[in-house]
Amino acid sequence: MNEPPGTAGPIASGEPGQRALTLRVKGLTKTYRSGEVEVPALRGIDLDLATGELVVLLGPSGSGKSTLLNILGGLDSATSGAAWFEDHDLMQVGDRELTRYRREHVGFVFQFYNLIPSLTALENVALVTEIAAHPMDPAAALEIVGLRDRLHHFPAQLSGGEQQRVAIARAIAKRPAILLCDEPTGALDSQTGILVLEAIEHIHEELGTTTVLITHNAVIADMADRVLVLGDGLIQQERRNPMRRPARELTW
Amino acid sequence: MSPLDRKLLRDLWRLRGQVLAIGMVIASGVGLLVMSLTAIEALQETADAYYERYRFAQVFARVKRAPEYMADRLAAIEGVQSVETRVVRNAVLDVAGFEEPVIGQLVSVPEDGEPLLNRLAMRQGRYPRLGAQDEAVLSEPFAEAHRLGIGDQLRAVINGRWRELKVVGIALSPEYVYTIGPGALMPDDRRFGVLWLGHEALQSAFDLDGAFNDVSLGLLRGTDPEHVVDRVDGLLARYGSIGAYARADQLSNWFLMNEITQLKTLARILPTVFLAVAAFLTNMVLARLVAVERSEIGLLKAFGYSNAAIAWHYVKLVLVISAVGIGLGWFAGYWLGLYNTTMYADFYRFPFLLYRPGPAPFAAAAAASLVAALLGTISAVRGAAMLPPAEAMRPPAPPLFRRSRLSRLALSQALDQPTRIVLRQVARWPLRSFVTSAGIGLAVAVLISSMQWLDAIDHIVDVYFLQAQGQDVTVGFAEVRSADVARGLGRLPGVMTTEPMRAVPAKLRSGPRVEREAVQGVPAHQELQHVYDATGQSVDLPPEGLVISTMLAELLGVAPGDKVTIEVQEGRRPVLEVPVAATFETYIGSPAYMEIGALNRLMREPPSVTGVHLRVDPRRRAQLFRELKQIPQVSSVSLRDAAVQTFHETMAKTLLIYVSFFIVFACALAFGVTYNAARIALSERSRELATLRVLGFTRAEISYILIGETGLLTLLALPLGVACGYVLAMTIVRGFDTELFRVPFVIEAATYGWAILVGVFATAASVLLVRRRLDQLDLIGVLKTRE
């Protein structure tokens, strides 16, 4: 898994079959065991993510979308099924390889930014670029998300939206093959939320990063190439947007 | 059980590692204090009871020869309750199977019933019978050292004639709790022993019929012994008294009381340090433990629990943790105290042991620990309880970090981000970081000050025995002998060099100050036994005048150039005015020296000696010993190698055992501090560490942050600990100064090294224990919750 993440061509909706696949998932199940109770979270998911695609996962809470994202990101292991990142089998590897997978290929953005409070914005990004193979300059990553004049601020000195944009800069500074965002606007008001979505959109267009975005806000689905609706651990519905709507046009 | 109590139990179980670590720290303070206090109490109580039960005399005097009727005159002194006259003499013994000459102190006991004073604690057998010339009671340690039992025989040179003695009893005496031979510093039960023989038998053996040469007096309650001493001196001066003395100056008692004083010094300083560190740490850990419970406190308040109910809940938590520590400490302290006392009793030879620790030491140690623990908790609980519930349930706002000027420096630009996290964390809460460092530092300091004893003892042995003493054997005489005797000894087999010495018992006076001290005459330039300065210089004596130890100069309040009055306590008892020519520093005793020729001239006596130092060809030692045993004038033979060995053995049996407890406790302390520091770092940092794992950091990389913080604090703690250890050791050494013994303040580099190593090792062990928990970090759970 040493090769640099591939950069995709121009971004447009197209048939997934005609493009390289970043992630493939087949018959994925996940069952949580708590005591004697078994709770199925995923009950057989089949999914292909084409390189450069922007996919939105919709669904009520408990539908399994976070579980799916965690498995795709190498944070959790599936109970059964198959998952590949490019040519790499994600099911047959141990903690060490999953750590390396996250380190080299995956960018995460969470609802609660999870910045390190003792590091400045720039340093939070540098945290990742220091251990990545082909990172961008941390300042440049922050410039992409519009925080050029906030480089030396600590998290406690930044607004929620700014903190989330630092988290996005931190996620993409390593030039990941795949960007996973779990409710990135969940803790933000709509205006700030749109700023954050614009940042994600901008990065997707600029770098062509394969992006998966979880939300329960159906409006956000309009900015995706493809929308998957999860329910009861299964993909209930799949639709392809003929045209992606720019983030700035979204309102909720 | 109320749900709150159930929560309490589960919290305790969840925190069991920390509970135990804090408990260990509290226990080490409590345990040491209890151990020291109970040992002192027991030693003091045992000594008092022993003295009381066996009628240990209060005033003693030695004369050359005094008629028995003087006993009545002594009994007439106001405040004197009882008088016992005795014959006490040293004799060379020959014990089967032991090559070296042995010195026996022969002490007479009445043949018609138990002594009035200084009764024997008879362990086996009986007192000598009336008229039996050859029956002896042996002191128990001496009998044990030579495996002598009732019915066994040994030979003694009594008044120049070999006599066979039969062992009829084995006993202990309050007079010989600490049995020390002439010129020795430490008990050596193989080379020195006490033998009690019938009064009449000894009188006739030493030509003292109708006379005595030693007397002990018992006093009425409330009598001032010094007053009696003066009266006794007045009565006995003409009988060749070398001065009466009170119980406080009696050799065995003096050593015992010195030991108790030393123990008190140790009990005052070291356990206090331990308790302080324990209090410090308990306070810090509990405050942070409660701070973590902030949202639970808010929740409980939202349910309607009162502040008092919530405070009580956490106070109970602290009480349980403290109780664990106090209980462990009490238990350890009790048994170590008993162990210690038993060892002292074995060393100091008591016939019984009173180890009945009162509640005071236990209560004192517990109270100190509890107060410290509660203070830490109450402030933290109050902080949380003051908040409105809604606010308390929200986690505290993220801490605001600032970039210091330091971080703009070029050097810091080169730092990687994990290192920055560590540095900023430490710098953000300087007080908290300092407290942790101080805890580790104090553990290191206590270690240094404990291990300093080993260095000090090695140093004393090196200076006092190895460098200062060039002789192999020292022969002492019962009375002043002509210098020809020294030359005669030089012709004995194996003797290569001889050096004469003369000791003159005297009272040294300067104004109102008086010290009883023998003036020792030695050659101006000594080849065997050196007058040795603590700095390692051999001191040459001037042709005239006294050269005295700084301790004696201090006691007398004199300096070089001042005059000292010497009241000689033997011969024609001259009173002399002699100038102090110089002073020198020594660790042991408070000696006074003079050139031997000058001393003899002052005494107006021909060249005389009371002892001779010999250097001996080791191949002919056995032969020499055989010859020495045949010389009637010899009253003592001491061997340097034996003295060094006894010194080490004695130290190992007393001080070092005590010190080793401190070392063990200091290690526990170091571990307790570092383990808690690492656990707290983990609980506060777990979210960050999980985030880093998600970002692709490996376990080793996040361990670096965890280890880095504790390691950095340890690194800061080490120089602090070394500095504190230096000061602490110096304080203890100063507190330890007695007339007998001054502990040299010597800390070897290796001691610092070991202390530092223990600190580093404790940190490493703690961090490794905590690091295992990193494997169980809940990566997903952590990310789903707010900070």
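Residues numbered from 1 in each chain as written. Chains lettered and ligands numbered in written order. Predicted model: local features only at pLDDT ≥ 70, side-chain atom pairs only at ≥ 80, totals over all residues.

(A) Main features of the overall build of chain A. What chain A contains, in helices and strands, is six helices and ten strands. Expected size for 252 residues packed as a compact globule is a radius of gyration near 18 Å; at 17 Å, chain A falls within 12% of this value. Expressed along its principal axes, the backbone C-alpha trace of chain A runs to roughly 50 × 40 × 40 Å. Counting all 252 residues of chain A, 50% fall into the buried class. Considering only contacts in chain A between residues 6 or more positions apart, those separated by 24 or more positions represent 72%. (Helix = DSSP H or I, 4+ residues; strand = E, 2+ residues; numbered from the N terminus. Rg over C-alpha atoms; globule rule 2.2 N^0.38 Å. Buried ≥ 20, exposed ≤ 12 C-beta atoms within 10 Å, placed from the backbone. Contact = placed C-beta atoms within 7 Å.)

(B) Representation of the overall build of chain B. Broken down by element type, chain B carries 23 helices and 22 strands. A buried classification covers 46% of the 787 residues belonging to chain B. When contacts within chain B are restricted to residue pairs at least 6 apart in sequence, long-range pairs at least 24 apart make up 84% of them.

(C) Region of interest: unusual backbone geometry. Residues and elements named next belong to chain A. The backbone of Glu-183 sits at a positive phi, close to 50°, despite the residue not being glycine. Among the secondary structure elements, Glu-183 is positioned in the loop between strand E7 (178-182) and helix H6 (190-207). Looking at Glu-183, the number of C-beta atoms within 10 Å reads 21, which means it is buried.

(D) Looking closely at the pairing of strand E9 (residues 226-231) of chain A. Residue and element names in this part refer to chain A. Here E9 shows a clear split, with Arg-226, Leu-228 and Leu-230 buried on one side and none of Val-227, Val-229 and Gly-231 buried on the other. Sheet analysis places strand E3 (residues 54-58) next to E9, joined by four bridges and oriented parallel. Bridge assignment links Val-55 to a residue of E9, and that residue is Arg-226. Note that E9 and strand E10 (residues 234-240) share six bridges and pair antiparallel. Note on E10: the bridge partner recorded for Gly-231 is Leu-234. Linking two consecutive strands that pair antiparallel, namely E9 and E10, is a turn of two residues; a positive phi of about 55° is found at Asp-232 within it. (Pairing = 2+ DSSP bridges.)

(E) Focus on the sheet that holds strand E4 (residues 80-85) of chain A. Judged by pairing direction, the sheet is antiparallel, and its four strands sit side by side in the order E2-E1-E4-E5 (chain A) without closing on themselves. The open sheet is flanked by strand E2 (37-50) and strand E5 (88-89) of chain A, the only strands paired with a single partner.

(F) Fine view of helix H9 (residues 307-348) of chain B. Between its terminal C-alpha atoms H9 of chain B stretches 57 Å, which fits the 62 Å expected from 42 residues at 1.5 Å a residue. One or two positions beyond H9 of chain B, positive phi appears at Arg-349 of chain B, with a value near 55°. (Expected span 1.5 Å × (residues − 1).)

(G) Structural context of the interface of chain A and chain B. Each side of the interface is counted separately: chain A has 25 residues, and chain B has 24 residues. For the side of chain A that touches chain B, the element with the highest residue contribution is helix H3 (residues 121-129) of chain A, accounting for four residues. In the side of chain A that touches chain B, the residues fall into 14 nonpolar, six polar and five charged. (Nonpolar A, V, L, I, M, F, W, Y, C, P; charged D, E, K, R; others polar.)

(H) Quick look at the confidence of the model for chain A. All names here are of chain A. Chain-level statistics for chain A give a pLDDT mean of 85 and a share of 93% at 70 or above. Mean pLDDT in chain A bottoms out at helix H2 (residues 95-105), which sits at 87, and peaks at E3, which reaches 93. Considering only residues more than four positions removed or in separate chains, one finds that residues 1-17, a stretch of pLDDT under 50, has 26 contacts. (pLDDT = per-residue confidence, 0-100.)

(I) View of the sheet that holds strand E19 (residues 575-584) of chain B. Residue and element names in this part refer to chain B. Taken in spatial order, the eleven strands line up as E15-E14-E18-E19-E17-E20-E16-E13-E21-E12-E22 in an open sheet, and their pairing is mixed. The open sheet has two free edges, formed respectively by strand E15 (513-516) and strand E22 (634-639), since each of these has just one partner strand. Within this sheet the neighbouring strands show an average axis-to-axis angle of 30°, counted without direction. (Axes fitted to C-alpha atoms, helices over the stretch in contact; angles between N-to-C directions.)

(J) Spotlight on the domain arrangement of chain B. Residues and elements named next belong to chain B. Domain boundaries assigned for chain B yield domain 1 (1-57 + 247-396), domain 2 (58-246), domain 3 (429-471 + 640-787) and domain 4 (495-616). Between domain 1 and domain 2, the contact holds 18 residues from the first and 24 residues from the second. Secondary-structure elements contributing two or more residues to the side of domain 1 that touches domain 2 are helix H2 (16-53) and helix H7 (251-292). Here the element with the most residues in the side of domain 1 that touches domain 2 is H7; it accounts for four residues. Partitioning the side of domain 1 that touches domain 2 into residue classes produces twelve nonpolar, two polar and four charged. (Domains from an automatic or database assignment.)

(K) Layout of the environment of Val-568 of chain B. Residues and elements named next belong to chain B. Among the structural elements, Val-568 can be located in strand E18 (residues 563-568). With 62 residues separating them in the primary sequence, Val-568 and Ala-506 have C-alpha atoms 4.3 Å apart. Ignoring sequence-local partners within four residues, the contact set of Val-568 consists of Val-504, Ala-506, Arg-573, Pro-574, Leu-576 and Met-603.

(L) Highlighting the packing of helix H21 (residues 699-736) of chain B against helix H22 (residues 749-771) of chain B. Residues and elements named next belong to chain B. Where H21 contacts H22, the two axes come as close as 10 Å, and the packing angle between them is 155°. Comparing their axes, H22 and H21 come out roughly antiparallel. Two packed elements cross with a definite hand, and for H21 against H22 that hand is right-handed. When H21 is examined against H22, the residues Ser-703, Leu-706, Ile-707, Thr-710, Gly-711, Thr-714, Ala-717, Leu-718, Gly-721, Val-722 and Gly-725 are found in contact with a partner set consisting of Tyr-752, Ala-755, Ile-756, Gly-759, Val-760, Thr-763, Ser-766, Val-767, Val-770 and Arg-771. Looking at the contact of H21 with H22, its residues break down into eleven nonpolar, nine polar and one charged. (Parallel < 35°, antiparallel > 145°, perpendicular 65-115°, else oblique. Left-handed = near helix turned anticlockwise from the far one by under 90°.)

(M) Layout of the nonpolar core. In this structure, Ile-168 of chain A together with Ala-443, Val-446 and Leu-669 of chain B are the most contacted members of the largest nonpolar core, which totals 289 residues. Counting residues per element, this core draws most heavily on helix H20 (residues 655-694) of chain B, at 20 residues. When residues no more than four places from it in sequence are discounted, the contact partners of Ala-443 of chain B are Val-277, Ala-666, Leu-669, Ala-670, Val-673 and Gly-759 of chain B. (Core = buried A, V, L, I, M, F, W, Y, C linked by C-beta atoms within 7 Å.)

(N) Main features of the confidence of the model for chain B. Residue-level pLDDT values for chain B average 84, and 95% of them are 70 or greater. Scored as a whole, the predicted complex attains pTM 0.74, and scored at its interfaces, ipTM 0.80.

(O) Summary view of the environment of Pro-351 of chain B. All names here are of chain B. Along the polypeptide, Pro-351 turns up in the loop between H9 and helix H10 (359-386). Look at Pro-351 and you get partly exposed, because 19 C-beta atoms sit within 10 Å. Sequence separation of Pro-351 and Thr-46 is 305 residues, and the distance between their C-alpha atoms is 9.4 Å. In this view, Pro-351 contacts Tyr-50, Ala-121 and Leu-172; residues no more than four positions away in its chain are not counted.

(P) Fine view of the packing of helix H13 (residues 417-428) of chain B against H21 of chain B. Residues and elements named next belong to chain B. Direction vectors running N to C along H13 and H21 enclose 35°, while the axes themselves pass 9 Å from each other. Crossing angle aside, the handedness with which H13 passes H21 is right-handed. Along the contact surface, H13 presents Pro-418, Thr-419, Ile-421, Val-422, Gln-425 and Val-426, while H21 presents Glu-701, Tyr-704, Ile-705, Gly-708, Glu-709, Leu-712 and Leu-713. Here the residues of the contact of H13 with H21 are counted per class, giving eight nonpolar, three polar and two charged.

(Q) Looking closely at H2 of chain B. The buried fraction of H2 of chain B amounts to 28 of the 38 residues, a majority that puts the element mostly inside the structure. Trailing H2 of chain B by a residue or two, Arg-55 of chain B shows a phi angle of about 50°, which is positive.

(R) Fine view of the environment of Thr-265 of chain B. Inspection of the secondary structure assignment puts Thr-265 of chain B in helix H7. Setting aside residues up to four positions removed in sequence, Thr-265 of chain B forms contacts with Gly-735 and Phe-736 of chain B.

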